[in-house]
Amino acid sequence: MMPEPRDTRLRRLTMRSMRRGIREMDILMSRYAAARLEGLSDPDLDLYDTLLEENDHDLYQWVSGQVTAPDRYRAMIDDIASVPADI
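Residues numbered from 1 in each chain as written. Predicted model: local features only at pLDDT ≥ 70, side-chain atom pairs only at ≥ 80, totals over all residues. Heavy atoms only, no water.

A. Layout of the environment of tyrosine 60. With respect to the secondary-structure elements, tyrosine 60 resides in helix H4 (residues 56–64). Separated by 35 residues in sequence, tyrosine 60 and methionine 25 have C-alpha atoms that sit 6.5 Å apart. The residues contacting tyrosine 60, other than those within four sequence positions of it, are Ile22, Glu24, Met25, Leu28 and Gln66. (Helix = DSSP H or I, 4+ residues; strand = E, 2+ residues; numbered from the N terminus. Contact = heavy atoms within 4.5 Å.)

Right, dumping it as structure tokens:
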């Protein structure tokens, strides 16, 4: 299987960020995608792709600080939570 071209991957991840299932996560993840995806390294894009597989309710609790995120996601979750609301 051929690797996915980076521009195709960014568009796919952006779309997956926008269509999460619960509105709050649509907003948070879309904002993060717009602000950060283009600057992420390939390994970080891999991690983000994996993160998008997680349950929205878990993601929301991690991003909102209600529950501590798993170690492998912690830095990315902190980054997602730090994106300003006006992006």
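B. Summary view of the nonpolar core. If you look at the biggest cluster of nonpolar residues, it comprises 22 residues, and the most contacted ones within it are Leu37, Tyr48, Leu51, Ile77 and Ile80. For this core, the secondary structure elements donating two or more residues are helix H1 (6–18), helix H2 (23–36), helix H3 (42–51), H4 and helix H5 (74–82). It is H2 that contributes the most residues to this core, 5 residues altogether. For tyrosine 48, the residues in contact, after removing those within four places along its chain, are Leu13, Ser17, Met29, Tyr32, Ala33, Leu37, Met76 and Ile80. (Core = buried A, V, L, I, M, F, W, Y, C linked by side-chain atoms within 4.5 Å. Buried < 20%, exposed > 50% of the residue type's maximum accessible area, 1.4 Å probe, protein only.)

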